[in-house]
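Examining the three-dimensional arrangement
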Amino acid sequence: MSTEFNERLREPLGEQAQIWIVGTREQVNHIISEMYVRQMIADRSQFSPMVPAPFAQGKFMSVLIR
């Protein structure tokens, strides 16, 4: 993973569980919203900012650290 992406995460990765969402911009936004509506997350801000996926051209990603 790139240093730039790691710097965007609010907390060090350490031993925390992570949920990665990778897809088109619309897919990632939809899944984040769905998780909020189903009360799996308390706030959409728990996800990192959406960034282009460094390993998949044309895809975006966001990470939830719990």
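Whatever comes next refers back to the structure up there.
On a predicted model such as this, the values are computed, not experimentally measured, just so you know.

Looking now at helix α2 (residues 25-37). The terminal C-alpha atoms of α2 lie 18 Å apart, and with 13 residues this matches the ideal 18 Å at 1.5 Å per residue to within 8%. When we look at burial in α2, the residues that qualify are Val28, Ile32 and Met35. Looking straight down α2, one finds its buried side chains confined to an arc of 60°; they lie on one side. Looking at α2, the residues exposed on the side facing more than 90 degrees away from the buried face are Glu26, His30 and Val37. Those residues of α2 that are buried lie in contact with β1 (18-23) and β3 (60-65). The first or second residue beyond α2 is Gln39, which carries a positive phi of 60°.

Quick look at the sheet that holds β3 now. Taken in spatial order, the three strands make up an open sheet running β1-β3-β2, and their pairing is antiparallel. Where the open sheet ends on each side, the last strands, each with one partner, are β1 and β2 (51-52). Relative to β3, β1 is paired through six bridges, and the arrangement is antiparallel. Within the sheet, the bridge partner assigned to Ile21 lies in β3 and is Ser62. Here α2 sits on the sheet in contact with β1 and β3, set at roughly 140° to β1.

A few words on the pattern of salt bridges. Inspection of the entire model under this criterion finds one salt bridge. Between Glu34 and Arg38 there is a salt bridge, and its shortest N-O distance comes to 3.0 Å. Taking relative accessible area as the criterion, Arg38 reaches 57% and is therefore assigned exposed.

The rules behind the values
Residues numbered from 1 in each chain as written. Predicted model: local features only at pLDDT ≥ 70, side-chain atom pairs only at ≥ 80, totals over all residues. Heavy atoms only, no water. Helix = DSSP H or I, 4+ residues; strand = E, 2+ residues; numbered from the N terminus. Expected span 1.5 Å × (residues − 1). Buried < 20%, exposed > 50% of the residue type's maximum accessible area, 1.4 Å probe, protein only. Arc of directions from axis to C-beta. Contact = heavy atoms within 4.5 Å. Pairing = 2+ DSSP bridges. Axes fitted to C-alpha atoms, helices over the stretch in contact; angles between N-to-C directions. Salt bridge = Lys/Arg side-chain N within 4 Å of Asp/Glu carboxyl O.

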